[in-house]
Amino acid sequence: MEQSESERSESRPWQRPRKMNVGPAERKASLAGGAALALSGLRNLSRRNYASGLAMIAAGGMFLYRGQTGYCGLYDAMGVDTMHTQPGGLRIEKAVTIGLPPDEVYEFWRNLENLPRFMKHLEAVEVTGPRTSHWKATGPGGISAEWDAEMMEDTPGQQISWHSVGEADIPNKGSVEFKEAPGNRGTEVRVTIDYYPPGGAAGKAAAKIAHGINAQQLEEDLKRLKQILEVGEETTARRTAD
Amino acid sequence: MRAVCWHGRHDVRVDEVADPQILSKNDAIVKVALTCICGSDLHLYNGYVPTMKKGDILGHEFVGEIVEVGSRVTRFHVGDRVIVPFPISCGACWYCKHELWSLCDNSNPNAWMLEHMYGDTGGGIFGYSHLYGGFAGGQAEYVRVPFADVGLERIPSGVPYEQVVLLTDILPTGYQAAYYCNINPGDTVAVWGCGPVGLMAMMSARHLGAERVIGIDRFPDRLQAARAQCQAEVLNYEEVDVAEALQNMTGGRGPDSCIDAVGMEAVGTGFEGVYDSVKQALRLETDRASALRQLAKACRKGGTLSIVGVYAGFVDKFPMGALFAKGLTLRCGQAHVHKYLPHLVKLVAEQQLNPSSIITHRLPLQEAPMGYKMFLNKQDACIKIVLDPQAGATGTERAPQGEGA
Ligand SMILES: [Zn+2]
Ligand SMILES: [Zn+2]
């Protein structure tokens, strides 16, 4: 990881310099929010709600820490990077290794209408032209968002990238790379998505959806993709159909 | 159907629930003939494993008969009698293909939870919390078994269910523990914990050629079982300093391999024991590690620590110095049951191993709540309880006793 000048100047002699992934505006908010989280975590603990209490204190501490240092362990764990995207944007990056050759994984993805089979927030992707498609997503509470997307790069067996066009509810861009994994392990699939949650009251509903599309969701999506490709279907622990 | 459901700490009940259904073409529905209460079920019972929900069906050790199969199941048919390994494995991922079955990439729909806790995922397990997938367990009349072709193992005709029910977990677990010790002629293997898994580990160590096995526990019934079932020498850790006793028994060398069949609820003695209990109660330390510390101290230089007891979180004061100074090897993890099953089924069918000799109690499913209590408190010389979901009547029945058990 390359180091910027500011990272070096912020590092302490007793502390290894760390990468920064929290943008400046967010750092201020983090300091305030962190204290609140840690406090409510303590309150939970006193109600013997250990697991969530500890998690909240940990998260609270993390917010305080990232406010001070510009590094967020939670963001790191979530794969979110708000420093290297445009202002207001949210970058999510995740990778998975799938035991099939890059061509086959690419083929499955390139058929965009397959995406809702493993991306839980997507309701439908409709191919509208050789390089264009229409996307429909749903979020918490049944709110939905739609946008048109255009493919920018399409290198068979290697990479697909796209960005939203026109009046998108949630402007976004992304890319997926397919790379042969070493030792016959199959394909390394790396997905990078940048979201730009809209501001103002009108954008609130859409922002909620963007909030739901976090790195954990992407991670679960990729695990489902792996299941579908390696096993032939999504694994379920359910016992009955309803 | 009836099923043993978790309702909270020290609260399990036999509830009436809907029958399971085939949900995937790879599924089989197994009618449970026998199922066990396992030592690791006690971790759930004691409330030490997070992500349990009210109504979760318990049990990961069960055998039975197939009553329905999905359309993609080819190796098995309705009427087949089968052993069901406790780990759920897809058979298609890199880990399954490399015989690391319990580390399967695809069988745990909640894999991300484990990933956040441990840094990587583990496969699903029947009836073992939502961390391990949230699959319904086998302490029930029927179970949905995913990846039937991959997981199930046929029971040879003529071999009764009793003789193979312990092959679902504790025998392969004990076997893997002994297998990990790389036993050479003349070796001494010490096993902490003479509960079911400890006994299976001793039995397996003997089978794999250990010259001596030494069982360590504090319950006289268990020490007696180790002597009788595994021809073990025994130590009561409440009566002797274990490390010193082991040194003296092995010419000052220490055992060649040490197996931890106790896990996170070890009962320590003295100040260390109090320290762990207090920290665990306050959730400052999740696992009590007194057994683990003794293992590291007692093992001979260059020896192996093989850990099969379940650990879930963090331990304090792990003797890293001893590990390093003595060049010890540490091996651990959930058993890759699928890997050992064919061999173990053969050994049991040929009566070279007799794991069922440790079964002390057989109860109707209805009596499960009493069984959990009895097993937890080690009452009535209880070592291993088998539940029979098909037995309608209530009342306990002592299993026929092996010599001296
Ligand atoms: Zn078990
Ligand atoms: Zn697998």
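Treat the numbers as computed from the prediction; the structure is a model and nothing was measured.

Each value, and the rule that gives it
The residue numbering used here restarts from 1 in each chain and proceeds along that chain's sequence as written. All chains are assigned letters beginning with A, and all ligands numbers beginning with 1, in the order in which they are written. Totals for whole chains, interfaces and linings use every residue, but because this is a predicted model, local features are given only for residues with pLDDT of at least 70 and side-chain atom pairs only at 80 or more, for both listing and counting. As a convention, hydrogens and water are excluded, and side-chain values are obtained from all of the structure's heavy atoms. Ligating atoms shown are N, O and S within 2.8 Å of the metal, or 3.2 Å for Na, K and Ca, and water is not included, meaning a site may look less than complete. For four-coordinate sites, all angles between 85 and 135 degrees define a tetrahedron; for four- and six-coordinate sites, opposite donors beyond 155 degrees with the remaining angles between 65 and 115 define square planar and octahedral shapes respectively, and all other cases count as irregular. Numbering of helices and strands runs from the N terminus, with a helix taken as a DSSP run of H or I at least four residues long and a strand as a DSSP run of E at least two residues long. Here's how the labels work: a residue is buried when its accessible area is under 20% of the maximum for its type, exposed when over 50%, partly exposed in between, all with a 1.4 Å probe on protein chains only. Here, residues are in contact when the closest pair of their heavy atoms is within 4.5 Å. Scored from 0 to 100, pLDDT reflects the predictor's confidence in each residue. In short, DSSP must find at least two bridges between two strands for them to pair. Geometry is summarised by axes, namely lines fitted to C-alpha atoms with helices restricted to the contacting stretch, and by angles between N-to-C directions that run from 0 to 180 degrees. Any Lys or Arg side-chain nitrogen found within 4 Å of a carboxyl oxygen on Asp or Glu counts as a salt bridge. Accessible area that two parts lose when put together, with a 1.4 Å probe and added across both, is what the buried area reports. Two N or O atoms form a polar contact when they lie within 3.5 Å of each other; inside protein one atom must be a possible hydrogen donor and the other a possible acceptor, and for residues adjacent in sequence the pair counts only when both atoms belong to side chains. Residue polarity follows a fixed list, in which Ala, Val, Leu, Ile, Met, Phe, Trp, Tyr, Cys and Pro are nonpolar, Asp, Glu, Lys and Arg are charged, and the others, Gly among them, are polar. If you view the pair so one helix is near and one far, a crossing is left-handed when the near helix is turned anticlockwise from the far one by less than a right angle, and right-handed when it is turned clockwise.

Peer 1: Residues and numbers for the coordination of the zinc ion (ligand 2), please.
Peer 2: Residue and element names in this part refer to chain B. Around the zinc ion (ligand 2), the donor atoms from the protein are Cys-90 (SG), Cys-93 (SG), Cys-96 (SG) and Cys-104 (SG), and they sit 2.3 to 2.5 Å away. Viewed at the metal, the 4 donor atoms of the zinc ion (ligand 2) are separated by angles of 100 to 118°, and the geometry they form is tetrahedral. Mapped onto the polypeptide sequence, the residues donating to the zinc ion (ligand 2) form the spacing pattern C-x2-C-x2-C-x7-C. Highlighted residues: Cys-93 in the loop between strand S7 (87-88) and helix H2 (94-97) and Cys-104 in the loop between H2 and helix H3 (111-118), separated in sequence by 11 residues. Taking relative accessible area as the criterion, Cys-93 reaches 0% and is therefore assigned buried. You can call Cys-104 buried: its relative accessible area is 0%.

Peer 1: So what's going on with the environment of Ala-210 of chain B? Residues and values would help.
Peer 2: Structurally, the position occupied by Ala-210 of chain B is in the loop between helix H7 (196-207) and strand S12 (212-217). Those residues in contact with Ala-210 of chain B that sit more than four places away from it in its chain are Ile-183, Asp-187, Val-189 and Ala-205 of chain B.

Peer 1: Please set out the confidence of the model for chain A residue by residue, giving values where relevant.
Peer 2: Residues and elements named next belong to chain A. Per-residue confidence for chain A averages 73 on the pLDDT scale, and 56% of its residues sit at or above 70. When mean pLDDT is taken per element in chain A, helix H5 (residues 102-110) scores highest with 97 and helix H1 (residues 5-10) scores lowest with 39. The model gives residues 1-17 a pLDDT under 50, and that stretch makes 14 contacts with residues more than four places away or in other chains. Taken together, the stretch residues 30-66 has pLDDT below 50 and engages in 45 contacts with residues farther than four places along the chain or on a different chain.

Peer 1: Mind laying out the pairing of strand S3 (residues 28-37) of chain B, listing which residues take part and the relevant values?
Peer 2: All names here are of chain B. Counting buried positions along S3 gives 9 out of 10 residues, so the element sits mostly inside the fold. Where S3 and strand S5 (residues 62-69) come together, 7 bridges link them in antiparallel fashion. By the bridge assignment, Lys-31 is partnered in S5 with Glu-65. The pairing of S3 with strand S9 (residues 142-145) spans 4 bridges and is antiparallel. Among the inter-strand pairings, Val-30 is bridged to a residue of S9, identified as Val-143.

Peer 1: Explain the pairing of S5 of chain B residue by residue, including any values.
Peer 2: Taken together, the 4 bridges between S5 of chain B and strand S6 (residues 81-84) of chain B define a ladder with antiparallel strand orientation. The residue of S6 of chain B that forms the bridge with Gly-64 of chain B is Val-82 of chain B.

Peer 1: Quick one: what's the story with the sheet that holds strand S15 (residues 304-307) of chain B, residue by residue and with numbers?
Peer 2: Residue and element names in this part refer to chain B. Here we have 6 strands laid out as an open sheet, ordered S13-S12-S11-S14-S15-S16, and parallel in their pairing. Unpaired on one side and paired on the other, strand S13 (233-236) and strand S16 (329-332) mark the two borders of the sheet. Averaged over all pairs of adjacent strands, the angle between strand axes in this sheet comes to 20°, irrespective of strand direction. In the sheet, strand S14 (residues 257-260) pairs with S15 via 4 bridges, with the strands oriented parallel. Residue pairing in the sheet places Asp-260 in a bridge with Ile-307 of S15. Across the face of the sheet, helix H11 (residues 290-298) comes into contact with strand S11 (188-192), S14 and S15 while running at roughly 180° to S14.

Peer 1: Quick rundown of the coordination of the zinc ion (ligand 1)? Include the residues and the values.
Peer 2: For a metal with four tetrahedral donors the ideal donor-metal-donor angle is 109.5 degrees, while six octahedral donors give ideal angles of 90 or 180 degrees. Residues and elements named next belong to chain B. At the metal site, the zinc ion (ligand 1) is ligated by Cys-38 (SG), His-60 (NE2), Glu-61 (OE) and Asp-169 (OD), and these contacts range over 1.8 to 2.2 Å. Of note is the zinc ion (ligand 1), whose 4 donor atoms meet at the metal with angles of 92 to 131° in an arrangement that counts as tetrahedral. Spacing between the donor residues of the zinc ion (ligand 1) along the chain follows C-x21-H-E-x107-D. In this pair, His-60 is assigned in the loop between strand S4 (56-57) and S5 and Asp-169 in the loop between helix H5 (161-164) and helix H6 (170-179), connecting sequence segments 109 residues apart. Classification of His-60 as buried rests on a relative accessible area of 2%.

Peer 1: Residue-level account of the pattern of salt bridges, with values.
Peer 2: Applying the stated criterion to the full structure yields 23 salt bridges over all chains. A salt bridge links Arg-110 of chain A to Asp-154 of chain A, with the shortest nitrogen-to-oxygen separation between them at 2.7 Å. Taken together, the residues span a long stretch of sequence, with Arg-110 of chain A in helix H5 and Asp-154 of chain A in strand S5 (residues 144-155) at a distance of 44 residues. The salt bridge involving Asp-221 of chain A is made with Arg-224 of chain A; its shortest N-O contact spans 2.8 Å. Of this pair, Asp-221 of chain A and Arg-224 of chain A both sit in helix H8 (residues 215-230), 3 residues apart, roughly one helical turn. A relative accessible area of 10% means that Arg-224 of chain A is categorised as buried. What you see here is one network of salt bridges that share partners, running through Lys-94, Glu-219 and Lys-223 of chain A together with Glu-115 of chain B.

Peer 1: Tell me about the interface of chain A and chain B, and please be specific about residues and values.
Peer 2: With 19 residues of chain A at the contact, the number on the chain B side is 32 residues. With both chains or domains summed, chain A and chain B bury close to 2300 Å², and 54% of this area falls on carbon and sulfur atoms. Summed over the shared surface of chain A and chain B, the result is 2 salt bridges. Note that Lys-226 of chain A and Asp-105 of chain B form a salt bridge whose closest N and O atoms lie 3.1 Å from each other. Across the contact surface, chain A and chain B share 12 residue pairs in polar contact (both at pLDDT 80 or more). The element that contributes the greatest number of residues to the side of chain A that touches chain B is H8 of chain A, accounting for 7 residues. The class makeup of the residues in the side of chain A that touches chain B is 5 nonpolar, 5 polar and 9 charged.

Peer 1: For the packing of helix H9 (residues 242-249) of chain B against H11 of chain B, give the residues involved together with the corresponding values.
Peer 2: All names here are of chain B. At a minimum axis separation of 9 Å, H9 and H11 run at an interaxial angle of 35°. Between H9 and H11 lies a crossing whose hand is right-handed. Residues Val-242, Ala-243, Leu-246 and Gln-247 of H9 pack against Gln-294, Lys-297 and Ala-298 of H11. Counted by class, the contact of H9 with H11 contains 4 nonpolar, 2 polar and 1 charged residues.

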